Amino acid sequence: MSGLLGATILLSLVDVLQAFAIEKKGDVFKKTACPAFLIFENVAYLADMTFELPCKCKPEETSSVVWYFQKDLHSQETTVLTDFNGTVIVDSSHIRTGSDLLKRFSIRMFSLIVFRAQVRDSGHYLCGTREGLFFYGYDVDVQPTRQITVAFLDNDEHVQEDYTEKEFTLFTTFWDWTSCDRCGVRGEQRRIGLCYVQSAQLRPRYRTALPNVSSCSSRAVPPHFPHLIQLRSPEVAIRSCLATCPKKEVPEEGVQSISNIVYKLGEKPHLPRVPIQYHRQPPKTDLVITCPGARPEHAVAWDKGSVRLYRSHYLVGVRKHMRLFIDHGNHLHLQRVHRRDKATYFCWREGELVAGFQLSVPFQPRRQRSPTDPESIFVMRAVGISFAVIAGIFFLIHASHCLSRLFWKLPKS
């Protein structure tokens, strides 16, 4: 009876806390007044990142919001990002790069979440009602990773200098350093930098963190300016780091002794205690491996067995003709898979070893072709036509040679 009473009290407390959270959320909207003239807050991200846009203000009586997307302001093409109930839920683990925006968004607590944003997702996002009343707007700038500049600070490489023209100045705004991507061994840290512009000619309808400063592909940049993202690309700085692993609970003495005996008997090889996924990949095909739960802004590292795949050697673009490389979204790529790629690939996330990916490449014996196969018929036709052409050329050359000899033997009058 006392247990039932305790459970009832606990559930009552949970309901009170939820009501308090909803009431607190409502207080935020009460305190935040919507602007009388709609302006757009400038935000910038790197491609393949997931971003969230909160609806910072709305009338108190509004229980759900509708999000709209416009590539250009006052455009006739407007995309509605909602089911008109504000309950669109997307499982981010099933989202692929390059899919349409309508398959990569979710609305939660009046906020719009866009998964794995692409450059084409840049534009205006507006929070409003189904009747077309707008409360708040964003100017989203998704900057590309294709021409990204990489600086390895351990090799005395430096980030880009500021670029100054008569009407504007380009510079890089860096995010904080990520945590060390490995622990107990040498790891790496990344620092993402996005392109920003400073100019007195920016459009006043766009709200920025600093006066006269916005991201390079923002709609605040005047149209007569050149394409700034071509003059200055985003960049990434990478440096080495060393972090200690957090202490884990040590098993009891008896359990530890038993595990040592099993290890000495050689019953199982020593492998990290992480979930292992098994996969068979046909040879000469491409494979992309994703670290579970990782996002492009996370600190992620990859190992091939006991070999550390450091970005200083395996980041995409470091060397030409790379079959094995890591992209800027933290994915591991294996192109034209060979049998020597057979191994267990381990993934680190935020300095902790989290998963393994055991890859096997089966041997595919050559298939014996029959004379009736289309490939065999094509080859025989090609060989026959080639033989006929060569024989014809040989016959013509031999005939012309005989005629020339006959012509020279004829008596001359």
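Residues numbered from 1 in each chain as written. Predicted model: local features only at pLDDT ≥ 70, side-chain atom pairs only at ≥ 80, totals over all residues. Heavy atoms only, no water.

Per an unreviewed UniProt entry, the chain is named Family with sequence similarity 187 member A, and its organism is Cyanoderma ruficeps. What UniProt records for the chain under Sequence similarities (unreviewed entry) is the sentence "Belongs to the FAM187 family." Word for word, the UniProt comment on the chain under Subcellular location (unreviewed entry) is "Membrane". (UniProt positions renumbered as here; feature names shortened; annotations may be inferred.)

Undergrad: I would appreciate a short explanation of the sheet that holds strand β18 (residues 300–304) in the present structure.
TA: Adjacent strands of a sheet pair through backbone hydrogen bonds, lying either parallel or antiparallel. Spatial strand order, β16-β23-β22-β18-β19: five strands in an open sheet with mixed pairing. Only two strands of the sheet have a single partner each, and these edge strands are β16 (276–280) and β19 (307–309). Ignoring which end each strand starts from, the neighbouring axes of this sheet average 25° apart. Where strand β22 (residues 343–349) lies against strand β23 (residues 352–360), seven bridges are found, and the strand directions are antiparallel. Paired with Y345 across the bridge in β23 is F357. (Pairing = 2+ DSSP bridges. Helix = DSSP H or I, 4+ residues; strand = E, 2+ residues; numbered from the N terminus. Axes fitted to C-alpha atoms, helices over the stretch in contact; angles between N-to-C directions.)

Undergrad: Looking at this structure, I do not really get the state of the cysteines. What am I missing?
TA: By definition, a disulfide links the sulfur atoms of two cysteines through a covalent bond. Under the criterion given, the structure shown has five disulfides. Shown here is the disulfide that connects C195 with C216, its sulfur atoms set 1.9 Å apart. Disulfide C195-C216: torsion about the S-S bond near -70°, hence left-handed. In this pair, C195 sits in strand β12 (residues 186–198) while C216 sits in the loop between β14 (213–215) and α2 (228–231), placing the two residues 21 residues apart along the sequence. (Disulfide = S-S within 2.5 Å.)

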